[in-house]
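Structural overview for review
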Amino acid sequence: MKAAELFVKALESEGVQYIFGIPGEENLDLLEALRTSAIRLILTRHEQAAGFMAATHGRLTGRTGVCLATLGPGATNLVTAAAYAQLGAMPMLMITGQKPIKASKQGEFQILDVVDMMQPLTKYTRQISSAENIPSRVREAFRRAEDERPGAVHLELPEDIARDPASSPVIARSHFERPHASEPSIAAAVEMIESARHPLLLIGAGANRFHTCHALTTFVEKTGIPFFSTQMGKGVVDERHALFLGNAALSGDDFLHRAVEAADLIINVGHDVVEKPPFIMGRHDQATDIEGAAQAGTARVIHVNYITASVDAVYYPQQGVIGDIADSVERLTQAIRPQSHWDFSRFMAVKRHLDAHLLEGTGDDRFPVYPQRLVADVRKVMPDDGIIALDNGIYKIWFARNYRAYRPNTVLLDNALASMGAGLPSAMAAKILHPQQRVMAICGDGGFMMNSQELETAVRLGLDLVVLVLRDNAYGMIKWKQASMGFADYGLDYGNPDFVQYAHSYGAHGHRPESAAALAPLLESCFNSPGVHLIEVAVDYSDNDRVLNQEIKQRSREI
């Protein structure tokens with residue numbers, strides 16, 4: 001058996017079902033081995049998109065997603081996806097090829113030290129220099145990718161090693177239980193929660209897993225402690241819940257941040273400083289931030305997570321509860337006795353003001369469409385288990401803040417690397433994994449064009465997918481920042497293709513509503529029709545600065 005065949009058998013042993021990517025001539029032995037395997041190759045049009053798809057696979061399943069590229073430019077095209085998975089804690093394995101390492105007649109043609117390049121972006125990166133090492137290298141790569149904190153790993157399989165004979169048996173996938181938090185840490189956390197007067201629960205990305213959802217819901221129901229979420233923590237507990245205060249979509253001075261300032265204890269479940277901080281620890285009169293980030297004042301913080309906190313100038317929790325999050329939350333729930341001195345009146349007053357503000361603009365008939373109306377109409381057509389995959393742009397803030405998520409991982413956005421170009425590939429991976437659920441990619445025109453070629457992949461795969469492209473002919477997020485910093489409007493406008501015709505050229509269906517009222521019926525119609533549907537809708541961001549930078553700050557300070 002060839003080493004490439006042994007490599008594929010090792011992948012099969014790990015339960016790999018899909019490999020996303022673009023093979024090159026250095027991968028041809030591996031490609032031939034894949035041809036007769038149970039693993040399905042998803043051929044993409046760019047390696048970056050393959051990496052985003054593999055990372056999203058890891059995010060949604062908890063099992064390592066796998067992507068493939070050749071050497072040189074193929075490998076370098078995976079760099080952004082590596083950072084995306086690493087910062088976002090998504091288990092992903094990148095496989096790249098390489099020229100022969102024992103003897104080569106091509107000099108330095110296309111040769112880069114890919115292993116060294118991947119070192120700062122991954123948890124584990126190795127070149128396979130012997131066929132007999134394949135089983136151990138593959139097993140270790142998967143173990144590292146899925147071990148807490150999950151992330152990216154990389155293996156390089158040189159061309160000559162791939163065709164060498166191999167006889168080593170594969171190493172079976174190992175099974176383990178995550179460590180559980182110590183009894184003293186649970187007891188200390190319980191004492192802090194019970195003695196607090198205004199405890200507040202924060203749900204972050206690390207808690208966005210299915211089994212944690214039930215544990216946290218039970219915790220909220222028993223204790224009655226109000227909660228809010230980070231952008232990547234949306235949907236862990238149903239955001240229709242009466243105790244949900246809102247999402248930390250803005251850095252500071254939103255209605256929600258008035259509640260954060262009033263808390264004397266924050267129970268921080270699953271958040272770390274990789275995701276943009278939802279609050280800054282420290283005294284109100286000492287801690288400052290150029291973006292006006294929310295201050296936690298003198299509130300104490302309990303860090304409930306799989307791993308210890310990385311101490312940062314903005315985050316230095318007083319108590320850690322380290323171990324399996326669901327188990328920790330269940331034990332906290334069992335031990336805590338709700339206290340009569342707990343006072344949530346300030347939190348609930350904030351919630352009433354925020355909920356009222358979120359309703360404003362949802363029926364606005366202006367066209368191009370108003371962002372608040374857009375978010376409301378998308379929510380109307382998405383069922384409880386419907387998945388939206390957001391690219392990165394100003395609309396991400398509107399969806400994080402205004403769109404209520406009902407289940408875990410039904411709002412796929414990236415608030416760690418915050419890379420543009422991920423929306424469409426992420427939606428495609430979600431649809432492959434969940435073919436019976438409604439899935440929508442929501443992209444700005446800038447982010448969409450960074451991986452728009454994957455429309456062909458979606459059409460070729462026969463996916464039933466809706467792609468909503470928001471057209472403002474500019475890099476809108478940076479325009480908003482430019483305006484908020486008092487700079488002139490400069491350097492961020494561009495032209496666009498006719499997106500309807502662009503969709504048709506790939507064999508997709510193209511649509512363009514001409515009024516705000518037409519959008520929701522069109523979305524519903526597209527979901528009820530097979531195939532890939534691209535909807536280009538013009539969006540009116542003219543109020544971004546007024547609402548997000550001025551109105552919200554003023555009105556929240558008046559509470």
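What counts, and at which threshold
Residues numbered from 1 in each chain as written. Predicted model: local features only at pLDDT ≥ 70, side-chain atom pairs only at ≥ 80, totals over all residues. Heavy atoms only, no water. Buried < 20%, exposed > 50% of the residue type's maximum accessible area, 1.4 Å probe, protein only. Helix = DSSP H or I, 4+ residues; strand = E, 2+ residues; numbered from the N terminus. Contact = heavy atoms within 4.5 Å. Axes fitted to C-alpha atoms, helices over the stretch in contact; angles between N-to-C directions. Parallel < 35°, antiparallel > 145°, perpendicular 65-115°, else oblique. Left-handed = near helix turned anticlockwise from the far one by under 90°. Nonpolar A, V, L, I, M, F, W, Y, C, P; charged D, E, K, R; others polar. Pairing = 2+ DSSP bridges. Polar contact = N/O pair within 3.5 Å; in protein donor to acceptor, adjacent residues only side chain to side chain.

1. Some remarks on helix α5 (residues 79–88)
Counted residue by residue, α5 has seven buried out of ten residues, so it is predominantly covered. Every buried residue belonging to α5 is among A81, A82, A83, Y84, A85, Q86 and G88, and all of these are buried. Against α3 (47–61), β4 (92–98), α6 (114–118), β6 (152–158) and α16 (423–433) lie the buried residues of α5. At the C-terminal side of α5, A89 shows a positive phi close to 60°.

2. Some points on the packing of helix α1 (residues 3–13) against helix α2 (residues 28–35)
The N-to-C vectors of α1 and α2 enclose an angle of 50°; their axes lie 8 Å apart at closest approach. For the element pair α1 / α2, the angle class is oblique. Our pair here, α1 against α2, has a crossing hand that is right-handed. Along its contact with α1, which presents A4, E5, F7 and V8, the element α2 presents D29, L30, A33 and L34. Among the residues making up the contact of α1 with α2, the classes are represented as six nonpolar, no polar and two charged.

3. Structural notes on the sheet that holds strand β8 (residues 227–229)
Spatially, the six strands line up as an open sheet ordered β9-β8-β7-β10-β11-β12, and their pairing is parallel. Each edge of the open sheet is held by one strand with a lone partner, namely β9 (244–247) and β12 (319–322). When the angles between neighbouring strand axes are averaged without regard to direction, this sheet yields 20°. Relative to the sheet, helix α10 (residues 210–223) contacts β7 (199–203), β8 and β10 (265–269), its axis offset from that of β7 by approximately 165°.

4. A look at the sheet that holds strand β17 (residues 509–511)
Within the open sheet, the six strands sit side by side as β14-β13-β15-β16-β18-β17. Their pairing is parallel. Taken across any chain shown, the strands that pair with only one partner, and hence form the sheet edges, are β14 (411–412) and β17. Note that strand β13 (residues 387–390) and β14 share two bridges and pair parallel. Of the residues in β14, the one forming a bridge with I388 is V411. Sitting on the sheet, α16 is in contact with β13, β14, β15 (439–444) and β16 (465–471), with an inclination near 175° to β15.

5. Section: the side chain of N549
Following the sequence through the fold, N549 ends up in helix α22 (residues 544–557). Using a relative accessible area of 15% as the deciding quantity, one classes N549 as buried. Reaching out from N549, the side chain makes a polar contact with the side chain of W480 at a distance of 3.3 Å. There is a polar contact of 2.6 Å between the side chain of N549 and the side chain of D545. Beyond its immediate stretch of four places on either side in the chain, N549 contacts W480, S484 and N544.

6. Thoughts on the environment of D414
With respect to the helices and strands, the residue D414 is situated in the loop between β14 and α16. Residues D414 and D391, spaced 23 residues apart in sequence, show a C-alpha to C-alpha distance of 7.8 Å. Those residues within four positions of D414 in sequence are excluded, and the remaining contacts are Y84, M232, N392, K396 and S419. Looking at D414, its side chain comes within polar contact range of the main-chain nitrogen of L417, at 3.2 Å. At 2.6 Å, the side chain of D414 forms a polar contact with the backbone nitrogen of A418.

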